[in-house]
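As a plain string of letters, each chain reads:
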Amino acid sequence: MIGPVRVVGTGLLGTSIGLGLRARGIEVILADASPTNLSIAIDYGAGRAALAGDRPQLIVVCVPPDVTAEIVARELESFPDAIVTDVASVKLAPLAELRARGADISRYIGSHPLAGRERGGPLAGRADLFLGRPWVVAAHDGISYQQATAIDDLILDLGATLVEMSPEDHDRGVALVSHVPQVVSTLMARRLTDAPAASLNLAGQGLRDVTRVAASDPELWVQILGANAAPVREILTAYRDDLDRFITALADPAAPGARRRVAEELAGGNAGVSRLPGKHGHDRRFVSLTVMVDDTPGQIARLLNEIGALGVNVEDLRLEHSPGAELGLAEISVLPEAVTRLTEELAARGWRIAG
């Protein structure tokens, strides 16, 4: 990037973009309807306040989906020499609304960084939020590749991985991997509302994994699901058919073919999970071992240091607490060829291996 870059909206994404660009010495101009959010982002070093006469090279609109097109249209009109992008999680609806408004879409192209945190707002901003994360550029035929290069530069400078998709393909893709999982997680979590405390005390990491995103902001998700309703509904309809097959099979598990149907559905889930990219986008699979760790300061650090001293790379790490015990369970994922040696070496050093 050459800059300056104007960032409209100083929530998590806007502030993180500002921090990442400022770390590279690029001038960042911040704007926000909330004076409080704006002042916090400025105090954090994400950029400066807008001034009369600003001439940004690129404008990044980071506002909720229901006002994205309105703000993009305003920015296009206010800064006739700038390229404008947005980071909304839906791409087809804003483009269609901009066309309907008669906006100059020859200077607009939507984008979407698939990065976030469990918290929002400028206080949650991080300069490294986008490192290694996919960032979709949703191209359309109204803008030339040459004009869109500023957006490519932004993405690469922030350490993200540029992915080119059409707005239609993007919205279908995020419906499958983000929007429908949000609905499924939410509906599962709703089952817990009136559940007996004795049942909830049995919850393990599996339930927490399934329901983690159910804690997301309802107001934001009403907007996202409304803007991407058609592909989400299509996938949920197919999901309902899957559930109906399970329900039918479980109505009489002893009936001929019932167990086979359940087994086929479960095997289908195995096949789907196996297609998810692993570390660095590769399909290479890892093997896990679970180490029991005393719930005292420094134990996780000691475990990781000893694994590193053995020359084994930790490909992934998950932590879980054992209910009712001062004990943690560290699930360590490593390459298959390393798991036997690592298990033996850790056991020799006094670590307890679960199972």
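To be clear, the structure that these remarks concern was listed above.
Numbering of residues begins from 1 in every chain and follows the order in which that chain's sequence is written. Thresholds applied to this predicted model are a pLDDT of at least 70 for local features of residues and 80 or more for the giving and counting of side-chain atom pairs; totals over whole chains, interfaces and linings are not thresholded and use all residues. Note: side-chain values were computed over all heavy atoms of the structure, leaving out hydrogens and water.

K.L.:
Break down the sheet that holds strand S2 (residues 28-31) for me, citing the residues and quoting the values.
P.N.:
Two strands pair if DSSP finds at least two bridges between them. Helix and strand labels come from DSSP, where a helix needs a run of H or I of at least four residues and a strand needs a run of E of at least two; each type is numbered from the N terminus. Pairing within the open sheet is parallel, and its five strands lie in the order S3-S2-S1-S4-S5. In the strand order of this sheet, the two ends are held by strand S3 (48-49) and strand S5 (83-86), each with one partner. Summarising the sheet, strand S1 (residues 5-8) and S2 pair through four bridges and their orientation is parallel. Across the sheet, residue Val7 finds its bridge partner in S2, namely Leu30. Contact between two residues is taken to exist if any of their heavy atoms lie within 4.5 Å; hydrogens are not considered. Note on geometry: axes are C-alpha line fits, over the in-contact stretch for helices, and angles between N-to-C directions span 0 to 180 degrees. Contacts from helix H2 (residues 35-43) reach S2 and S3, with the element oriented near 155 degrees to S2.

K.L.:
I'd like to hear about the packing of helix H6 (residues 167-190) against helix H9 (residues 218-227), residue by residue, with values.
P.N.:
Contact geometry of H6 with H9 gives a least axis separation of 11 Å together with a crossing angle of 125 degrees. In terms of orientation, H6 and H9 fall into the oblique class. Here the hand of the crossing between H6 and H9 comes out left-handed. Contacts between H6 and H9 involve Ser178, His179, Gln182 and Val183 from the first element and Trp221, Ile224 and Leu225 from the second. Looking at the contact of H6 with H9, its residues break down into four nonpolar, three polar and no charged. For classification purposes, angles smaller than 35 degrees are called roughly parallel, those larger than 145 roughly antiparallel, those between 65 and 115 roughly perpendicular, and all remaining angles oblique. Two helices that cross are described as forming a left-handed crossing if the nearer one is turned anticlockwise from the farther one by less than a right angle, and a right-handed crossing if clockwise. Side-chain classes follow a simple rule in which Ala, Val, Leu, Ile, Met, Phe, Trp, Tyr, Cys and Pro form the nonpolar group, Asp, Glu, Lys and Arg form the charged group, and the remainder, Gly included, forms the polar group.

K.L.:
Could you give me a rundown of the environment of Arg302, with the residues and numbers involved?
P.N.:
With respect to the helices, strands and loops of the structure, Arg302 is situated in helix H12 (residues 299-309). Buried, partly exposed and exposed residues are distinguished by accessible area as a fraction of the type maximum, computed with a 1.4 Å probe on protein chains only: under 20%, between the cut-offs, and over 50%, respectively. By relative accessible area, which is 34% here, Arg302 ends up partly exposed.

K.L.:
Any chance you could break down the pattern of salt bridges for me, citing the residues and the numbers?
P.N.:
Pairing between side chains of opposite charge can happen when the charged atoms of each approach one another. By convention in these notes, a salt bridge is any Lys or Arg side-chain nitrogen within 4 Å of a carboxyl oxygen on Asp or Glu. The final tally for this structure, using the stated rule, is 21 salt bridges. We note a salt bridge from Arg48 to Glu27, for which the minimum N-O separation is 2.8 Å. Of this pair, Arg48 sits in strand S3 while Glu27 sits in the loop between helix H1 (12-22) and S2, and the two are 21 residues apart along the sequence.

K.L.:
Quick rundown of H6? Include the residues and the values.
P.N.:
Expected span, for any helix, means 1.5 Å times one less than how many residues it has. Its 24 residues give H6 an end-to-end C-alpha distance of 32 Å, which sits within 8% of 34 Å, the value for a rise of 1.5 Å per residue. Of all the bends in H6, the greatest, near 50 degrees, is centred on Ala175. All buried positions along H6 are accounted for by Pro167, His170, Asp171, Val174, Ala175, His179, Val180, Gln182, Val183 and Ser185. Note that the bend at a residue is defined as the angle between axes fitted to the seven residues ending at it and the seven residues starting at it.

K.L.:
So, the packing of aromatic side chains: which residues are in play, and what are the values?
P.N.:
The geometry of an aromatic ring pair is captured by the separation of the ring centres together with the interplanar angle, meaning the angle of the planes. Centres within 6.5 Å are what make two rings of Phe, Tyr or Trp a pair, Trp counting through its six-membered ring; a difference in plane orientation under 30 degrees is then read as stacked, over 60 as edge-to-face, and the rest as tilted. Per the stated rule, a full pass over the model turns up one aromatic pair. Relative to Trp135, the ring of Phe130 has its centre 5.1 Å away and its plane inclined at 45 degrees; by these criteria the two rings are tilted. Taken as a pair, Phe130 and Trp135 share a single burial class, namely buried.

K.L.:
Residues and numbers for unusual backbone geometry, please.
P.N.:
Put simply, Gly3 and Pro4 share a cis peptide bond, and its omega is -5 degrees. Its location among the elements puts Pro4 in the segment before S1.

K.L.:
Got a sec to walk through a negative patch on the surface? Specific residues and values, please.
P.N.:
Here the term patch refers to residues with relative accessible area over 30% and no salt bridge, with like charges joined within 9 Å and nonpolar side chains (Val, Leu, Ile, Met, Phe, Trp, Tyr) within 5 Å. Every accessible area reported is derived by Shrake-Rupley at a probe size of 1.4 Å, with residue values counting cover from the shown protein chains alone. The charge count includes Lys and Arg as positive and Asp and Glu as negative, but it does not include His or the ends of the chains. By convention, charge coordinates are those of NZ in Lys, CZ in Arg, CG in Asp, or CD in Glu. On the surface, a cluster of negative charge is made up of Asp66, Glu70, Asp217 and Glu219. Looking at where Glu70 falls in the secondary structure, it is placed in helix H3 (residues 65-78).

K.L.:
Describe the sheet that holds strand S12 (residues 352-353), naming the residues involved and giving the relevant values.
P.N.:
Read from one edge to the other, the open sheet built from four strands follows the order S10-S11-S9-S12, with strand pairing classed as antiparallel. Every other strand in the sheet has two partners, leaving strand S10 (316-321) and S12 as the edge strands with one partner each. Docked against the sheet, helix H13 (residues 336-348) engages strand S9 (287-294), strand S11 (327-334) and S12, running at close to 25 degrees with respect to S9.

K.L.:
Please provide a residue-by-residue account of the packing of helix H10 (residues 229-251) against helix H11 (residues 258-274), values included.
P.N.:
Packed helix pairs are specified by the crossing angle of their axes together with the interaxial distance, meaning the distance between the axes. It is the contact of H10 with H11, at a shortest axis distance of 8 Å, that shows an interaxial angle of 145 degrees. Like other packed secondary-structure pairs, H10 and H11 cross with a definite hand, here left-handed. On the side of H10, the interface is formed by Arg245, Phe246, Ala249 and Leu250, while H11 contributes Ala258, Arg261, Val262, Glu265 and Leu266. Partitioning the contact of H10 with H11 into residue classes produces six nonpolar, no polar and three charged.

K.L.:
Tell me about the pairing of S2, and please be specific about residues and values.
P.N.:
Burial along S2 is two-sided: the residues Val28 and Leu30 and Ile29 and Ala31 are all buried. The crossover handedness rule: strands pointing away from the viewer, path from first strand over the helix to second strand clockwise, crossover right-handed. For the crossover that starts at S1, traverses H1 and ends in the parallel S2, the hand is right-handed. Here S2 pairs with S3 via two bridges, running parallel. Note on S3: the bridge partner recorded for Ile29 is Arg48. Regarding the hand of the β-α-β motif, the stretch spanning S2, H2 and S3 is right-handed.

Without other data, these values stay purely geometric and don't point to any function.
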